Amino acid sequence: AMGADEAAESAVSADAQLAEEMAFYESYVIGMLNNFESLPPERIHNMLKMFVPSGEHKYDKTLEELCTFLNKLVADETLEIVNGSYQVKKK
């Protein structure tokens, strides 16, 4: 069985891997939000599925994974969340 440390480490590397994969979608997300001003996560999720349906970066994330990523962008002050919708944070 894995020790707690190992479990924590593999969770961190899974996060890091997810972050790396999601970084590819960041430009799509920013682009969408620049066009639409603000979008709920479900719309972002569905649009990513539509825009990146195949290929190396095929979008196959769960809504939960997307929200984790979007919230990280909020923490980084790239995005902000207003009434449950994400938007690009005004500099």
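Residues numbered from 1 in each chain as written. Predicted model: local features only at pLDDT ≥ 70, side-chain atom pairs only at ≥ 80, totals over all residues. Heavy atoms only, no water.

**A word on the overall build of the protein**
The helix and strand tally for the protein stands at three helices and three strands. Listing each helix as α and each strand as β along the protein from the N terminus yields α-β-α-α-β-β. When the backbone C-alpha atoms are referred to their principal axes, the protein occupies close to 50 × 30 × 20 Å. The proportion of buried residues among the 91 residues of the protein is 29%. Of the contacts formed within the protein by residues at least 6 apart in sequence, a portion of 48% connects residues at least 24 apart. Here the protein displays about 5900 Å² of accessible surface, and carbon together with sulfur accounts for 52% of that area. (Helix = DSSP H or I, 4+ residues; strand = E, 2+ residues; numbered from the N terminus. Buried < 20%, exposed > 50% of the residue type's maximum accessible area, 1.4 Å probe, protein only. Contact = heavy atoms within 4.5 Å. Areas by Shrake-Rupley, 256 points an atom, 1.4 Å probe, with all protein chains shown as cover.)

**As for the packing of aromatic side chains**
Two numbers describe a pair of aromatic rings. These are the distance of the centres and the angle of the planes. Scanning all chains against the criterion turns up four aromatic pairs. When the centroid spacing of 5.3 Å and the interplanar angle of 80 degrees are considered together, the rings of phenylalanine 24 and tyrosine 25 count as edge-to-face. Their ring planes at 90 degrees and their centres at 5.1 Å tell us that tyrosine 25 and tyrosine 59 sit as a pair that is edge-to-face. Taken together, the positions of tyrosine 25 in helix H1 (residues 4-36) and tyrosine 59 in the loop between helix H2 (41-51) and helix H3 (63-75) put the pair 34 residues apart, joining distant regions of the chain. In this pair, the class of tyrosine 25 matches that of tyrosine 59, namely buried. By way of ring pairs, the aromatic residues Phe24, Tyr25, Tyr28, Phe51 and Tyr59 are connected into one cluster. The aromatic ring of phenylalanine 36 is capped on one face by arginine 43, whose charged end is 5.5 Å from the ring centroid. (Phe/Tyr/Trp six-rings, centres within 6.5 Å; stacked < 30°, edge-to-face > 60°. Lys NZ or Arg CZ within 6 Å of the ring centre and 35° of its normal.)

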